[in-house]
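# Descriptive analysis of the structure
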Amino acid sequence: MGKKIKKEVEPSPKDVFDPLTIESKNAATVVLMLNSPEEEILAKACEAIYKFALKDDVKKLLRELDVMDSVIAQLAPEEEVVTHEFASLCLANMSAEYTGKVQICEHGGLEPLIRLLNSPDPDVQKNSIESLYNLVQDFQCRIALQELNAIPSMLALLKSDYPVIQLLTLKTLGVITNDKESLTMLRDNQGLDQLIKILESKELNDLHTEALSVIANCLEDVDTRVLIQQTGGLQKLLSFAESSTIPDIQKNAAKAITKAAYDSENRKFFHEQEVEKCLVTLLGSESDGTKIAASQAISVMCESSGSKRLFNNHGIPQLIQLLKSDNEEVREAAALALANLTTCNPASANAAAEADGIDSLINILSSKRDGAIANAATVLTNMALQEPLRGAVQSRGVMQAIVNPLRSANTVVQSRAALTVAATACDVEARTELRNAGGLEPVVELLRSDNAEVRRHASWAVAVCANDELTATELCRLGALDILEEINLSVSRKNKFSEVAYNKLLNNNLSLKYSQTGYLSSSDIICDGFYDYGRINSGTKLLPLKELCLQELNHRRAVLLINSKSSDISPPPSLEDKSDIGYGRSISSSSSLRRASKEKTNSRFSTGFGSPTEEKSEPTSGRNTVLSKSATKEKGPRKGRGRREEEKAKEEEEVLAVPKLTGEGTLDKEWYPPSDPDFCIYVYEVTKSILPITNIKEQIEVLAKYVAEKMGGKIAKEKMISFGWELHISELKFQLKSNVVPIGQIKKGIFYHRALLFKALADRIGLSCSLVRGEYGRAWNEVKLVNVSPKAATGGFSLPDVYIVDLMFHPGALMKLGTKEADLYRFL
């Protein structure tokens, strides 16, 4: 497009002003010349301003001179073509900057530029469409362009004889068709036909890349997508992807396939045409853009089960290789494809693992792109859902790698990372690894999220992590229990996993569970350190045992403590003491029972006073393992003095090396829960006399009578008032100078004292029972027994009945739940 030939100037008559040649070096003077009525002056002024505007530092000066109104005025219909050319050229240059865009729009420049798209002069057309291309980069300008109905004029330019005009038009359409309204206008004005004709023309191959880009946008619209399918456009897209060697054409063709594949019918068509082979080939392109587009197309095509099967062997290995790319966008797109392929598809998850993808996926968890992290976490989650693969994922360090994603500010990353924790922290080793890596704290923080999905997945992660005692204790220390309780009180924030997680944590904090719910099931095993504070309302914080022990004496009901551990660490004077030996035997028996129950329920411990080392290595809890070593040495042959001193020093080190945990879960060498020698004797006697009994009903009856005997014996209902248990408890509190009273020291107890002691002793010998708190100091134990009925005797099945154990009026009697006598015991 060359310059236009200017009109020759005719000699002026003698009675007019002679021509005057002026040389100006001031931009302001040239701007004033734009007001001249002479076309030649206007053309020269516009040309000078255009050249002036090419200098970056000059554009600012032109804006300050408020030249925009004057330039736009030169686009008026009555002006000459030459004036239109240079005025539009000036706007094309100034519209490249944001401030210029704003000024052109504010001064009404869009309408004359759209009108000039129909100019007979190709230079004016080119400058106008270039100006519009720059302007539509701004959203507000795109909205204004729709209102001015610019698309018909743009489509007319696609038939231009000048490729630069066609290319600028396609680029402009590629921007504005991101808006649905423009898509509709393009379709209604038969724009798709023109785009398809461009693709069908080999002579216009320089326009194919941008035409494919516009068609890809058109495929976002359902109606347009159907129209393209009906006109054979899908086959054309596929042929470009398969046959073209130009990376940009391959990329845009793959993008268009991606958009089209969101429709199930189109996916079916592409699958029949074996598009999977084409996309896998594109993954090997040297162009990163083509790799990204092909990966995105695969991520959509794998919605089809048939495509998923094909990609297992001929796509997943290539995608795994792309995870190692230096380009972050390539890695993100490959991870997205793998995430969609492995979701609900164990075969794809196995294929990804077999292609050595685990290490690459874990490495992506430290990526700078949130999308890549979220996608990689999803793939790892899908792998971990299969037990054989879970071990492989855990062994590659996923628990350490997931900590930073848990701390992300992106809610999608937070949600996916929490889900990965829920899928991988399924055994003690993995939870320990997560705990040691500092991963529990961010999981607990995610419970506070305002995002419902993040809260749900974080609750799920907590529910899984709460399956072992130490992790559950740490979660409680970090405030998970309080947060979950708050969530569950809110109708809008709670979810099914938050309730499960809360109950899981309660199962590892039985003291709080009993205070809040008033119920311990047969699987809730009472261990040392359990205490009954009494009923508390939801939202009320239960103080740790240490704080309760250190409180000043008050008039509240006594806190009942279960503890068979000694509070001192020095050995007793004589190892022949019967109670000490019995204590060792009894705790050993109950320890094995608790471990068996733990395997079934994962809810053995409440407040956790013994260290993990102590729990595993000391069956007699506290010091008895060390003492038994001492006893063995004393009974054996005498040794030399040096040898004895060496062994003594070693024993002292072992004793001191045994840490104890306070009620708050922290190491404390100065405070231990109050000891309860009487309860130790109870455990020994019950283990010795009741554990050998083989009949469960008889065990219940004997234990009930034993508990009643230790708590003041049988009480007639009419003598309850004169029983004097309240004075007895008050005297104990005064003697101990504490509100916490060990259960073994209570010699006059009523319903809730006896029921707690029965449950604590029953748990030590493996006798299944529950503990239920009632009103007005009532509490009772429920047991299940199967009655031998005629049906059962003939091989039929009989469900167990629930009975309440009488510990007060007729110790050992069993009252069937629902009967009048059972109701009287519980409520009257």
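Just so it is clear, the structure is predicted and the values come from calculations on it, not from any experiment.

## A word on the overall build of the protein
- Looking only at helices and strands, one finds 48 helices and 8 strands in the protein.
- Within the protein, buried positions represent 53% of all 828 residues.
- Within the protein, residue pairs in contact and separated by at least 24 positions form 69% of the contacts whose partners lie at least 6 positions apart.
- When the accessible area of the protein is evaluated, it comes to approximately 39,300 Å², of which 51% is carbon and sulfur surface.

## Considering the side chain of Ser 182
- Residue position: Ser 182 is located in helix 12 (residues 180-188).
- Once residues lying within four places of it in the same chain are set aside, the contact partners of Ser 182 are Gln 146, Ile 151, Ile 176 and Thr 177.

## Describing the pattern of salt bridges
- Evaluation of the coordinates by the stated rule reveals 27 salt bridges.
- Note that Glu 274 is salt-bridged to Lys 277, the shortest N-O span being 3.6 Å.
- A relative accessible area of 42% means that Glu 274 is categorised as partly exposed.
- Taken together, the shared-partner salt bridges connect Arg 187, Asp 188 and Asp 221 into one network.

## Things to note about the pairing of strand 6 (residues 779-785)
- Along strand 6, 6 of the 7 residues are buried, which leaves the element largely enclosed by surrounding structure.
- Pairing of strand 5 (residues 770-773) with strand 6, which is carried by 4 bridges, proceeds in the antiparallel orientation. Paired with Leu 771 across the bridge in strand 6 is Asn 781.
- Hairpin connection between strand 5 and strand 6: a loop of 5 residues separates the two successive antiparallel strands, and Tyr 776 in this loop has a positive phi of roughly 55 degrees.
- Taken together, the 4 bridges between strand 6 and strand 7 (residues 801-805) define a ladder with antiparallel strand orientation. What sits directly across from Leu 785, in strand 7, is Asp 801.

## Describing the packing of helix 14 (residues 208-218) against helix 17 (residues 247-260)
- Between helix 14 and helix 17, the shortest axis-to-axis distance is 8 Å and the interhelical angle comes to 15 degrees. In terms of axis orientation, helix 14 runs roughly parallel to helix 17. Crossing of helix 14 over helix 17 shows left-handed handedness. Residues His 208, Thr 209, Glu 210, Leu 212, Ser 213, Ala 216 and Asn 217 of helix 14 form the contact with helix 17, whose participating residues are Asp 248, Ile 249, Asn 252, Ala 253, Lys 255, Ala 256 and Lys 259.
- Looking at the contact of helix 14 with helix 17 residue by residue, the class counts come to 5 nonpolar, 5 polar and 4 charged.

## A closer look at the environment of Ala 96
- Mapped onto the elements of the fold, Ala 96 is located in the loop between helix 5 (81-94) and helix 6 (98-106).
- Sequence separation between Ala 96 and Leu 135 is 39 residues; the distance between their C-alpha atoms is 7.8 Å.

## Overview of the sheet that holds strand 7
- As summarised here, the arrangement of the 5 strands in space is 1-5-6-7-8, forming an open sheet in which the pairing is antiparallel. A single partner strand is all that each edge strand has here, and the edge strands are strand 1 (519-520) and strand 8 (814-816).
- Examined bridge by bridge, strand 7 and strand 8 share 3 bridges and lie antiparallel to one another. For Tyr 803, the partnering residue across the bridge sits in strand 8 and is Lys 816.
- Packing against the sheet, helix 46 (residues 751-764) makes contact with strand 1, strand 5, strand 6 and strand 7, and its axis sits at approximately 40 degrees to strand 6.

## With respect to the sheet that holds strand 3 (residues 559-562)
- With respect to topology, 3 strands assemble into an open sheet ordered 2-3-4, the strand pairing being mixed. Of all the strands in the sheet, the pair left with one neighbour each is strand 2 (530-532) and strand 4 (740-742). Between one strand and the next, the sheet's axes are offset by a mean angle of 30 degrees, whatever the strand orientation.
- Bridge analysis of strand 3 against strand 4 gives 3 bridges, and the strand direction is parallel. Its bridge partner being in strand 4, Val 559 is matched across the sheet by Val 740.

## Points about helix 9 (residues 139-147)
- For helix 9, every residue scored as buried is listed here: Cys 141, Arg 142, Leu 145 and Gln 146. Seen from one end, helix 9 has its buried residues packed into an arc of 145 degrees, which puts them on one side. Seen from the buried face of helix 9, the exposed residues on the opposite side, beyond 90 degrees, are Gln 140 and Glu 147.
- Looking at the buried positions of helix 9, the neighbouring elements they touch are helix 6, helix 7 (110-115), helix 8 (122-135), helix 10 (151-157), helix 11 (163-176) and helix 12.
- Where helix 9 starts, the residue carrying a side-chain oxygen 3.2 Å from the main-chain nitrogen of Gln 140 turns out to be Asp 138.

## Focus: the side chain of Thr 420
- Within the secondary structure, Thr 420 sits in helix 30 (residues 411-424).
- Separated by 3.1 Å, the side chain of Thr 420 and the backbone oxygen of Ala 377 make a polar contact.
- Each residue touching Thr 420, except ones within four places of it in the same chain, is listed here: Ala 377, Thr 381, Val 398 and Ile 402.

## Some details on the state of the cysteines
- Applying the stated rule across the entire model yields 0 disulfides.
- Cys 465 carries a free sulfur, and the closest cysteine sulfur to it, the one in Cys 426, is 9.0 Å from it.

## Let's talk about the packing of aromatic side chains
- Summed over the entire model, instances satisfying the criterion amount to 9 aromatic pairs.
- Aromatic pair Phe 751 and Tyr 825: ring centres 5.3 Å apart, planes at 70 degrees, arrangement edge-to-face. Here the residue Phe 751 occupies a position in helix 46, and Tyr 825 occupies one in helix 48 (residues 820-827), the gap between them amounting to 74 residues.
- Taking NZ or CZ as reference, Arg 773 lies 4.1 Å from the ring centre of Tyr 514, over its face.

## Topic: a nonpolar patch on the surface
- A surface patch of nonpolar side chains, about 320 Å² in accessible area, is lined by Leu 824, Phe 827 and Leu 828.
- Residue placement: Leu 828 occurs in the segment after helix 48.
- A relative accessible area of 64% places Leu 828 in the exposed class.

## As for unusual backbone geometry
- Even without glycine at this site, Asn 149 takes up a positive phi of about 55 degrees.
- A residue is classified by how much of its surface remains accessible, and Asn 149, at 42% relative accessible area, is partly exposed.
- We note that Glu 274 has phi near 60 degrees; this positive angle belongs to a residue other than glycine.
- Positionally, Glu 274 belongs in the loop between helix 18 (264-272) and helix 19 (275-282).

## Observations concerning the confidence of the model for the protein
- On average, residues of the protein score 82 in pLDDT, and 82% of them reach the 70 mark or higher.
- When the criterion is pLDDT under 50, residues 2-7 qualifies, and its contacts beyond four places in sequence or with other chains add up to 10 contacts.
- The low-confidence segment residues 569-668, where pLDDT is below 50, has 170 contacts with residues more than four positions distant or belonging to other chains.

Calculation notes
Residues numbered from 1 in each chain as written. Predicted model: local features only at pLDDT ≥ 70, side-chain atom pairs only at ≥ 80, totals over all residues. Heavy atoms only, no water. Helix = DSSP H or I, 4+ residues; strand = E, 2+ residues; numbered from the N terminus. Buried < 20%, exposed > 50% of the residue type's maximum accessible area, 1.4 Å probe, protein only. Contact = heavy atoms within 4.5 Å. Areas by Shrake-Rupley, 256 points an atom, 1.4 Å probe, with all protein chains shown as cover. Salt bridge = Lys/Arg side-chain N within 4 Å of Asp/Glu carboxyl O. Pairing = 2+ DSSP bridges. Axes fitted to C-alpha atoms, helices over the stretch in contact; angles between N-to-C directions. Parallel < 35°, antiparallel > 145°, perpendicular 65-115°, else oblique. Left-handed = near helix turned anticlockwise from the far one by under 90°. Nonpolar A, V, L, I, M, F, W, Y, C, P; charged D, E, K, R; others polar. Arc of directions from axis to C-beta. Polar contact = N/O pair within 3.5 Å; in protein donor to acceptor, adjacent residues only side chain to side chain. Disulfide = S-S within 2.5 Å. Phe/Tyr/Trp six-rings, centres within 6.5 Å; stacked < 30°, edge-to-face > 60°. Lys NZ or Arg CZ within 6 Å of the ring centre and 35° of its normal. Patch = residues over 30% accessible without salt bridge, like charges linked within 9 Å, V, L, I, M, F, W, Y side chains within 5 Å. pLDDT = per-residue confidence, 0-100.

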